[in-house]
2 protein chains.
Amino acid sequence: MSAAARPAVVLLSGGLDSATTLAQARDDGYSCYALSFDYGQRHKFELQAAAAVADHLGAVEHRVATIDLRAFGGSALTGDIDVPKQNEGAAGETSQLERPASHSDIPVTYVPARNTIFLSFALGFAEVLDATDIFIGVNAVDYSGYPDCRPAFVGAFEKMANLATRIGVEHAANNQPAIRIHAPLIHMTKAEIIQRGLALGVNFGLTHSCYDPDPSGRPCNRCDSCTLRAAGFHQAGLDDPAMASV
Amino acid sequence: MSAAARPAVVLLSGGLDSATTLAQARDDGYSCYALSFDYGQRHKFELQAAAAVADHLGAVEHRVATIDLRAFGGSALTGDIDVPKQNEGAAGETSQLERPASHSDIPVTYVPARNTIFLSFALGFAEVLDATDIFIGVNAVDYSGYPDCRPAFVGAFEKMANLATRIGVEHAANNQPAIRIHAPLIHMTKAEIIQRGLALGVNFGLTHSCYDPDPSGRPCNRCDSCTLRAAGFHQAGLDDPAMASV
């Protein structure tokens, strides 16, 4: 890592998408400040995975900000609703039915405004670091139907960020670089993300994807996130190294 | 409060601007859910003031979300830098000098991305409540020079919010009301805000504005926020009821 590298904030969940994003940011020449959140999620193992991934991929720093998303509830990931599973009977379906019919296209694992909140914190951290670059591992292909994973959202957040901050306003006045929200995976399939990550040297054995692991951290292999991960490795013609250690 | 009133989330700091905003939202016919933040601010007395104001103005609920802004530092309000005071000698000037020269127009009491973070949480809360209306008491006149108090910022946040959320996306698809960020004070002077608040029945004796009160909660009367408040009451030709109890 060169001392002259420009700083970037990289949102890091401990899953394979954000690990690949961190590797991409490093490969693009940034000095990476990884940021994770303890937000009352069921899957706290992801924070241990995030620390391991940050270390493995040479992040300059890894910060974990504690935030109070549980105060509002409204998501299966923060414990108010059951995480739906593949091949599950009435129990899983009942949890879906807790949402009004018009909401049925967006899964109960959606956390209200989560990426907006995460990017807002990343923006504050970037401003303190005098950084204009923020990386987030969203993708709009195998993305579970979350509205805050789409290119239109990322673009709108970037515009807002440049109006919201001292660094955005002053850089615009001085013809310096604007704040950029990088979403390098946004148009990739899960299989392409896995291939990109491997090409960049990511050890996916350190990553953690399950929304609802057992107390020892073992993935359920049935939630949306486990299902997408397994399909991605299958499609890439690869074995998931995280499964070898289970 | 009628049972049929539409819900709104109102950001409430305990200061006079947000108290007036809450009164305005109630007067506009909303059923108000007040939201405050414990963000490691020096001026925690504002949280007690916020609770008193929420009660006084008939908020349906008052939630305090704990968030970790101190993790990043970078502001006088979160304790990293001295709060600058009027009529102060070298000490106050030194604290300003900690910022590069290009930053000198924006005061050290600016908290990086604060309103973006606050509005993001309000957005999550609104989504859980199935509310499309969020009120924030920013104003661009007597506003201390913060970039995230300007109309352009509020408009950009509103656009982003409608792309970020389930409620925004589904309402757009069904021709239902979009998410609106209401900033009813944005073009008012401090004196006008005080007059509006009084007309709406706000007891400003319950509000708290000082950035750096003493341990008993007594305002310093010298920080930007105290100075703006005093000038506002003076300009409105009124006495500040909060000063009577000091």
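Residues numbered from 1 in each chain as written. Chains lettered and ligands numbered in written order. Predicted model: local features only at pLDDT ≥ 70, side-chain atom pairs only at ≥ 80, totals over all residues.

> Which residues make up the overall build of chain A, and what are the values?
When you go through chain A residue by residue, the secondary structure sums to nine helices and five strands. Helices (α) and strands (β) of chain A occur, in sequence order from the N terminus, as β-α-β-α-β-α-α-β-α-α-β-α-α-α. Burial status across chain A gives 54% buried among its 246 residues. In chain A, the share of contacts with a sequence separation of at least 24, taken over all contacts with a separation of at least 6, comes to 71%. (Helix = DSSP H or I, 4+ residues; strand = E, 2+ residues; numbered from the N terminus. Buried ≥ 20, exposed ≤ 12 C-beta atoms within 10 Å, placed from the backbone. Contact = placed C-beta atoms within 7 Å.)

> Provide a residue-level description of the pairing of strand S2 (residues 31–38) of chain A, including the pertinent values.
Residues and elements named next belong to chain A. With seven of eight residues buried, S2 is to be regarded as a mostly interior element. As judged from the five bridges shared by strand S1 (residues 7–11) and S2, these two strands associate in the parallel manner. Following the sheet pairing, Val9 is matched in S2 by Tyr33. This β-α-β element, S1 to helix H1 (residues 16–27) to S2, shows right-handed connectivity. (Pairing = 2+ DSSP bridges. Right-handed = clockwise from strand over helix to strand, strands pointing away.)

> An account of the relation of the copies chain B and chain A is requested, with residue identities and associated values reported.
Once turned by 180° and shifted 0.0 Å along the axis, chain B lies on chain A with an RMSD of 0.0 Å. The superposition of one copy onto the other is thereby described by a two-fold rotation axis. No C-alpha of chain B lies nearer the rotation axis than that of Ile67 of chain B, which sits 2.4 Å from it. A share of 100% of the interface residues of chain B reappears at the interface of chain A, consistent with the copies meeting face to face through the same patch. (Least-squares fit on C-alpha atoms with pLDDT ≥ 70 in both.)

> Kindly report on the pairing of strand S2 (residues 31–38) of chain B, identifying the contributing residues and their values.
Where S2 of chain B and strand S3 (residues 61–66) of chain B come together, six bridges link them in parallel fashion. Among the inter-strand pairings, Phe37 of chain B is bridged to a residue of S3 of chain B, identified as Ala65 of chain B.

> Summarise the sheet that holds strand S1 (residues 7–11) of chain B; cite the residues concerned and give the values.
All names here are of chain B. Taken in spatial order, the five strands line up as S3-S2-S1-S4-S5 in an open sheet, and their pairing is parallel. The open sheet has two edge strands, S3 and strand S5 (180–182), and neither has a second partner. Sheet twist, expressed as the average angle between the axes of neighbouring strands with direction ignored, equals 25°. The pairing of S1 with strand S4 (residues 133–135) spans three bridges and is classified as parallel. If you follow Val10 over to S4, its bridge partner there is Phe135. In the packing of helix H1 (residues 16–27) onto the sheet, contacts are made with S1, S2 and S4, and the angle to S1 comes to roughly 170°. (Axes fitted to C-alpha atoms, helices over the stretch in contact; angles between N-to-C directions.)

> Break down H1 of chain B for me, citing the residues and quoting the values.
One turn of the α-helix equals 3.6 residues, which is why residues spaced by three or four share an orientation. Residue and element names in this part refer to chain B. Its 12 residues give H1 an end-to-end C-alpha distance of 16 Å, which sits within 8% of 16 Å, the value for a rise of 1.5 Å per residue. The element H1 is largely enclosed, with a buried count of 11 among its 12 residues. Every buried residue belonging to H1 is among Leu16, Asp17, Ser18, Ala19, Thr20, Thr21, Leu22, Ala23, Gln24, Ala25 and Arg26, and all of these are buried. In the stretch just after H1, Gly29 is the one whose phi turns positive, near 100°. (Expected span 1.5 Å × (residues − 1).)

> Which residues make up the nonpolar core, and what are the values?
Residues Val10 of chain A together with Val10 of chain B are the most contacted members of the largest nonpolar core, which totals 134 residues. For Val10 of chain A, the contacting residues outside a window of four places in its chain are Thr21, Leu22, Ala25, Cys32, Tyr33, Ala34, Leu35 and Phe135 of chain A. (Core = buried A, V, L, I, M, F, W, Y, C linked by C-beta atoms within 7 Å.)

> A description of unusual backbone geometry should follow, citing residues and the corresponding values.
Despite not being glycine, Ala113 of chain A shows a phi value in the positive range, around 60°. With respect to the element layout, Ala113 of chain A can be found in the loop between helix H3 (90–97) and helix H4 (114–129).

> Break down the sheet that holds strand S4 (residues 133–135) of chain A for me, with residues and values.
In a beta sheet, neighbouring strands are held together by backbone hydrogen bonds and run either parallel or antiparallel to one another. Residue and element names in this part refer to chain A. Overall, parallel pairing links the five strands, which are arranged S3-S2-S1-S4-S5 in an open sheet. The sheet is open, and its two edges are formed by strand S3 (61–66) and strand S5 (180–182), each paired on a single side. Pairs of neighbouring strands in the sheet enclose a mean axial angle of 25°, with direction left out of account. Pairing of S4 with S5, which is carried by three bridges, proceeds in the parallel orientation. Across the sheet, residue Ile134 finds its bridge partner in S5, namely Ile181. In the packing of H4 onto the sheet, the strands contacted are S1, S2, S3, S4 and S5, and the crossing angle to S1 comes to about 160°.

> Any chance you could break down the environment of His182 of chain A for me, citing the residues and the numbers?
Residues and elements named next belong to chain A. Its location among the elements puts His182 in strand S5. By C-beta crowding, His182 is classed as buried, having 20 other C-beta atoms within 10 Å. Spatially, the C-alpha atom of His182 lies 5.9 Å from that of Ile134, the residues being 48 residues apart in sequence. In this structure, His182 is in contact with Asp133, Ile134 and Phe135, ignoring residues within four places of it in sequence.

> I'd love a proper account of the environment of Ala164 of chain B, names of residues and values included.
Position of Ala164 of chain B among the secondary structure elements: in helix H5 (residues 151–164). By C-beta crowding, Ala164 of chain B is classed as buried, having 34 other C-beta atoms within 10 Å. Between the C-alpha atoms of Ala164 of chain B and Ser120 of chain B, which are 44 residues apart in sequence, the distance is 9.9 Å. If sequence neighbours within four positions are ignored, Ala164 of chain B has contacts with Ala113, Thr116, Pro147, Asp148 and Phe153 of chain A together with Leu123 of chain B.

> I'd like to hear about the confidence of the model for chain A, residue by residue, with values.
Residues and elements named next belong to chain A. This prediction gives chain A a mean pLDDT of 83; 79% of its residues lie at or above 70. Counted against residues more than four places away or in other chains, residues 88–104, with its pLDDT under 50, gives 19 contacts. For this predicted complex, the interface score ipTM comes out at 0.85, while the overall pTM is 0.86. (pLDDT = per-residue confidence, 0-100.)

> So what about the interface of chain B and chain A? Which residues, and what values?
Chain B puts 40 residues into the contact, and the matching count from chain A is 41 residues. Ranked by residues supplied to the side of chain B that touches chain A, first place goes to helix H4 (residues 114–129) of chain B with nine residues. The residue makeup of the side of chain B that touches chain A, split by class, is 23 nonpolar, 10 polar and seven charged. (Nonpolar A, V, L, I, M, F, W, Y, C, P; charged D, E, K, R; others polar.)

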